Structures are given as structure tokens and as C-alpha cells.
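# Observations on the three-dimensional arrangement
Here is how the chains run, residue by residue.
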Amino acid sequence: MSLHRGEKVDLSQLPHTFDKQVPLAVIGGTGLYDLPNLKPVARVTVSTPWGFPSAPITISVTDQGYPVAFLARHGQHHDLLPSDVPSRANIAALKKLGVKAIIAFSAVGSLQQEIRPRDFVVPTQVIDRTKGIRPSTFFEKGFVAHAMFGEPFDLTLNQIISDSLPSSGFLEGFDTEHTPLLHTKKHTNKNEDLTVICMEGPQFSTRAELKLYRTWGGSVINMSVLPEAKLAREAEIAYQMICMSTDYDSWNENEEPVTVETVVGNLKANLANACKVAAHLIDIVSAELVSGEKKLGTSLEGSMKYSVSTSPHGVKKELLEKMHFLFPGYWPIN
Ligand SMILES: CSC[C@H]1O[C@H](OP(=O)(O)O)[C@H](O)[C@@H]1O
Ligand SMILES: Nc1ncnc2[nH]cnc12
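Residues numbered from 1 in each chain as written. Chains lettered and ligands numbered in written order. Predicted model: local features only at pLDDT ≥ 70, side-chain atom pairs only at ≥ 80, totals over all residues. Heavy atoms only, no water.

### Describing a nonpolar patch on the surface
Nonpolar side chains collect at one region of the surface, where Phe204, Val260 and Val264 lie side by side and expose about 250 Å² of accessible area between them. Among the structural elements, Val264 can be located in helix 5 (residues 260-291). (Patch = residues over 30% accessible without salt bridge, like charges linked within 9 Å, V, L, I, M, F, W, Y side chains within 5 Å. Areas by Shrake-Rupley, 256 points an atom, 1.4 Å probe, with all protein chains shown as cover. Salt bridge = Lys/Arg side-chain N within 4 Å of Asp/Glu carboxyl O. Helix = DSSP H or I, 4+ residues; strand = E, 2+ residues; numbered from the N terminus.)

### Some remarks on the site of ligand 1
Ligand 1 sits among Gly29, Thr30, Arg73, His74, Pro82, Ser106, Ala107, Phe204, Asn222, Met223, Ser224 and Val263. Side-chain polar atom of His74 to an oxygen atom of ligand 1: 2.5 Å apart, as the coordinates give it. Separating an oxygen atom of ligand 1 from a side-chain N or O atom of Ser224 is a distance of 2.2 Å. Burial of ligand 1 by the surrounding chains reaches 90%, relative to a free accessible area of 390 Å². Placement of ligand 1 is best described as lying within the largest pocket. Its residues assigned to classes, the shell around ligand 1 comprises 5 nonpolar, 6 polar and 1 charged. (Near = heavy atom within 4 Å. Polar contact = N/O pair within 3.5 Å; in protein donor to acceptor, adjacent residues only side chain to side chain. 1 Å grid on protein atoms, 1.4 Å probe; cavity = no way out; pocket = protein on both sides within 12 Å on 5 of 7 lines; lining within 4 Å. Sits in = over half its atoms within 2 Å of the grid points. Nonpolar A, V, L, I, M, F, W, Y, C, P; charged D, E, K, R; others polar.)

### Thoughts on the UniProt feature "binding site: substrate" (unreviewed entry) in the protein chain
If you check UniProt for "binding site: substrate" (unreviewed entry), the listed places come out as Met223, Asp247, Tyr248 and Asp249 in our numbering. Put simply, the named residues that line the largest cavity are Met223. With respect to the helices and strands, Met223 occurs in the loop between strand 10 (220-222) and helix 4 (228-234). With sequence-adjacent residues up to four places away left out, Met223 is seen in contact with Pro82, Arg134, Cys198, Met199, Glu200, Gly201, Pro202, Gln203 and Phe204. Beyond its immediate stretch of four places on either side in the chain, Tyr248 contacts Ser110, Gln112, Gln113, Ile115, Arg116, Pro117 and Glu255. (UniProt positions renumbered as here; feature names shortened; annotations may be inferred. Contact = heavy atoms within 4.5 Å.)

### Some thoughts on the side chain of Arg118
With respect to the helices and strands, the residue Arg118 is situated in the loop between strand 5 (101-110) and strand 6 (120-122). Only 2.9 Å separates the side chain of Arg118 from the side chain of Asn266, close enough to count as a polar contact. Among all residues touching Arg118, those that are not within four sequence positions of it are Gly173, Asp175, Thr176, Pro180, Ser245, Gly265, Asn266, Ala269 and Asn270.

### Remarks on the environment of Ala208
Its place among the elements puts Ala208 in helix 3 (residues 207-215). Overall, Ala208 belongs to the exposed group, its relative accessible area being 59%. Note: C-alpha distance between Ala208 and Ala272 (64 residues apart in sequence) is 33 Å. (Buried < 20%, exposed > 50% of the residue type's maximum accessible area, 1.4 Å probe, protein only.)

Right, dumping it as C-alpha cells:
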């Protein structure tokens, strides 16, 4: 089959296996269900001890020849609620493909006036407002571990992304006069953290909640950074989310409260920018992963081996077998 960049491809016709390691993955959120400007070469279904991922994973190659895995967080037809996204299977499947770094996209509400709909935000911090109903660790009773999470995103990946994109001029305005901006910690006046609040959903927040989150220093709000970021950390994968602002939600009484219609309108404009940002970053981040200069994706290697509290000698074989899927060779299975 001859495939060309940008050509509409029948994904079901692609090979179901890919025999090389894929060091970089992109997770697409609401509105971003594929990377149309890349050349798809395989579509793989990965079974994990935590079930199947949200969708088959598409592997594409860039013009420079770098492979990248793409996974639609809510499924190819967006049939998964934020609370039902199988994040453990998603991260475990990417790990199995050899992924060392993930760039995750998310549609978010803005909690700050200066973050306008259609702006992009690269956050550095997270506040957890999920309700404890999402499985958020690969570990379980019988095998206890505690990953560090003070920096919920990978600082090296954050830096590479912030250094590769200007705050203004890269994102396109399309049909509005407003030129969308890219907000990163580096681009803020005082090198301030940008914080994503992760709520359970699926309903949006009340105005009182949103006002509270603003007093907490929240920059944007979504329903999906957790447990994805926690699981990526446990899997020793460098993870950074890029947030695409779609609305001011309802804290801003000068604006209409958020509706799915507003979100979808801005999402369409964000989609073209997301594809442009992804295509630009995939080559840059892949080159870093290959060169190893900044230790991107390798600085976390081995971290979970030393984060375990349980003596591996007393751990049930079934648990060790599950762990072997993520960390082959860390703990011997007798
Ligand atoms: C349709 S708006 C709410 C929905 O959009 C975001 O999804 P994602 O993060 O996957 O882009 C948000 O987190 C909610 O799940
Ligand atoms: N206002 C909002 N709240 C939570 N998630 C969102 N995703 C997009 N807009 C959102």
C-alpha cells in the first residue's frame, strides 16, 4: 500500500503490528482523534493486564522518519466519559510499545481572564478534584509503592516544549482577530507555575467552585490530567500536557456560561493549531529522545524500583507478573 502524508487512509487496512520501539506518544483529547498531517504505518491493539486501551493505537512516521504513537483518550468515536477512560491500560500499552515520553492534549476551561479561549497552556502543576473513583495506580494491596509527584509534569519535556514554541506568532487565529497565545511558566512574568485543576465531571463546575479554584491559583480546568499523569510517572514515562482553552466556564459573569456548543466551536479552531504544534514538537522531542543529551525519558528509569515499600519476596506471583509487563526485570518472579 502506498501512503502519503496528509492522504486520507483507511486505518483498518494498516498492519496490526509494528516491530520497532516507538519512543514518543501523543494522547489526543476531545476533538483530537488523529494526527492527520502524519503518515500512518500501523494500527495496533495492545492487551494489558489492566485491559484494553481506549482505542487501537496508530503509529505514524514523520517526514524526518521518526515514529510516533497516537492514542485517542476517549476512544475513536469519543464514547468514553472522563471517569471511564482506561488510563492504566492506556499508559501500560504505550509503555509496551517502548514509549519514553508522552505529549498529551486536552481541551480545558480557562480560570484566568488573560487565558483566552483558543490560547494554549503548558501547565506545571495539578490540583486533584477527582472523586477517588478512577483507578490511579498500577500498584495494589500486596505490593505497595509511592511515586514522587511534587512535579507532576516532566520538567525536561516542559522545558523543551517551552523553548521550541514562541508565546505569540506560532498559533494561528483562523477566523478571529485574536491571535492565540501560548502560556508557559517560562513565558510568564515571574516564572510562575500554571496550574490545571482536574475535576471529576462529566457535569461542568458550579460558579462557587470555579471562584474557589481561582483563589487556589488555578489557571485552567479539565477532567483528564489525572490519573493519566500519575500513571505515566509510575510507568517512568516523561509526561507533559498541552491544554487548549475552549471557554471561560461560568466564573466570569461577563461571559455566557460554558456549553458543549461553545467548547466544540473553539475546539475546531484549536484542532488545526494542535496538529501544527504536534507536528512541530514530534520531530524536536524525538530528536532529543534519540540523542539522549538531556536524558529525556531516561532520567526516570529505575525510579519505581526504589519506590516500593513491600518486600518483593512476599509478593504474590500474579502481582509480580502484572508488574513484569511494565518493569521487566525489576522484581524476579519465582
Ligand atoms: C467536552 S468538554 C469536557 C471534556 O473535554 C476535555 O477532555 P480532554 O481532556 O480529553 O480533551 C475535558 O477534560 C473533559 O473531559
Ligand atoms: N470548563 C471546563 N471544565 C472542565 N473541563 C473542560 N474542558 C473544556 N472546558 C472545560
